[in-house]
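# Descriptive analysis of the structure
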Amino acid sequence: MAASTYQLTHLRALEAEAVHIIREVAATFERPVLLFSGGKDSVVMLHLATRAFWPAPLPFGVLHVDTGHNFTEVLEFRDRTTAELGVRLTVAKVQDDIDAGRIADEPSRNRLQTTTLLRAIAENRYDAVFGGARRDEEKARAKERVFSFRDEFGQWDPRNQRPELWNLYNGRHRRGEHIRVFPLSNWTELDIWQYIADEQLELPPLYYAHRRTIFQRDGMLLAVNPYLSPNPDEQPCEALVRFRTVGDATCTGCVASTAATPEAVVAEVAASRVTERGATRADDRISEAGMEDRKREGYF
């Protein structure tokens, strides 16, 4: 079988699995919601969801947990995309929880999203939350099942997960509990980009090579922005870079790149030996178990 034919068959199999999972949730749960940040994984997930129910409208809305420190280009893309699709967008703001005294502000608000997410789930009575996490991203995420049970406190116990034999998913839960659902679990970063190229999906321009003022910190390239500036001993410079992931602008790094098209990014990702989170997320370097600790607390 030719490589291109295999690639297409592989993507169609992943697509079919994800569509099945999304339809299963819509048929099983009363109030599902899809997490949509405007990042590449959530773009693919939203595209799969619209394909799952086409030509009918999406039977659930989307939720964005806004740290208040997002890249402007991503927020503009989020608003435009949801408006064009006619999808109901709910924005839960970390700043609201800071103002209410539920959490204290920090230089990076990435971890603070947990409190805001759990509040949004409780207020809107969501019983299933679609997330775009993939197993290849990080060690803790590799432990996740497709249907990830969360207790009444939103907590995750990796030792207490339900079997998923023969693609059978158990969504049983009591009032106050909910299920995190990961339709992209079996996708890799390369799969995501190959699918984006194949489907010609639009992304925020940050994902492609562009000139930006950056500086180096702890071996990472960070972009100068309204929420992050270099220290006196850190010299800014202009370089051609792109972002492999987009999140809180205070802790999301970029990589040197000339890839300006999805096809060029596919070639670049295929040659990479470092995961996107390992290469570009400063807050994931706190400890070996950093992500798992946050997931136990209710993080994505």
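Look a little higher up for the structure.
Sequence order sets the numbering: in each chain, residues are counted from 1 along the sequence as written. For this predicted model, a pLDDT threshold of at least 70 governs which residues receive local features, and a threshold of 80 or more governs which side-chain atom pairs are given and counted, while totals over whole chains, interfaces and linings are taken from all residues. Computation of side-chain values covers all heavy atoms of the structure but excludes hydrogens and water.

### Quick notes on the pairing of strand 1 (residues 32-35)
Applied cut-off: Burial classes: relative accessible area under 20% of the type maximum marks a residue as buried, over 50% as exposed, and values in between as partly exposed (1.4 Å probe, protein chains only). Helix numbering and strand numbering both begin at the N terminus, where a helix is a DSSP run of H or I of at least 4 residues and a strand a DSSP run of E of at least 2. Pairing between strands is defined by DSSP: at least two bridges between them are needed. Looking down the strands as they point away from the viewer, one classifies a crossover as right-handed if the path from the first strand across the helix to the second runs clockwise.
Residues of strand 1 alternate between two faces, with Pro32 and Leu34 on one and Val33 and Leu35 on the opposite face, all of them buried. Relative to strand 4 (residues 128-130), strand 1 runs parallel, the two being bridged by 3 bridges. Its bridge partner being in strand 4, proline 32 is matched across the sheet by alanine 128. Bridging between strand 1 and strand 2 (residues 61-66) involves 3 bridges; their strand directions are parallel. The residue of strand 2 that forms the bridge with leucine 35 is leucine 63. Remark: the strand 1/helix 2 (residues 40-53)/strand 2 crossover connection has right-handed handedness.

### Some details on the sheet that holds strand 1
Cut-off, in case you're wondering: Here, axes are lines fitted to C-alpha atoms. For helices the fit covers the stretch in contact, and angles between N-to-C directions go from 0 to 180 degrees. Note on contacts: a residue pair is in contact if any heavy atoms of the two residues lie within 4.5 Å.
Taking strand neighbours across the sheet as the criterion, the 6 strands line up as 3-2-1-4-6-5 in an open arrangement whose pairing is mixed. Looking at the sheet topology across the chains shown, the edges are occupied by strand 3 (89-93) and strand 5 (147-150). Ignoring which end each strand starts from, the neighbouring axes of this sheet average 30° apart. Relative to strand 6 (residues 178-181), strand 4 runs parallel, the two sharing 3 bridges. Bridge assignment links phenylalanine 130 to a residue of strand 6, and that residue is valine 181. Those strands touched by helix 2 are strand 1, strand 2 and strand 4, and its axis lies near 140° from that of strand 1.

### Overview of the packing of helix 6 (residues 189-199) against helix 7 (residues 262-271)
Cut-off, in case you're wondering: Here is the rule for angles: anything less than 35 degrees is roughly parallel, anything more than 145 is roughly antiparallel, 65 through 115 is roughly perpendicular, and the remaining ranges are oblique. In this scheme the crossing of two helices becomes right-handed for a clockwise turn of the near helix relative to the far one and left-handed for an anticlockwise turn of less than a right angle.
Two elements in contact, helix 6 and helix 7, have axes separated by 9 Å at closest approach and are oriented at 165°. Comparing the axis directions of helix 6 and helix 7 gives the class roughly antiparallel. Crossing geometry of helix 6 relative to helix 7 is assigned as left-handed. Residues Glu189, Leu190, Trp193, Gln194 and Ala197 of helix 6 touch helix 7, and the partners they reach there are Pro262, Glu263, Val265, Val266, Val269 and Ala270.

### Considerations on unusual backbone geometry
With an omega of 10°, the peptide bond between tryptophan 54 and proline 55 qualifies as cis. Residue position: proline 55 is located in the loop between helix 2 and strand 2. Despite not being glycine, glutamine 200 has its phi angle at roughly 55°, a positive value. On the secondary structure map, glutamine 200 appears in the loop between helix 6 and strand 7 (210-217). The exposure class of glutamine 200 is exposed, given its relative accessible area of 72%.

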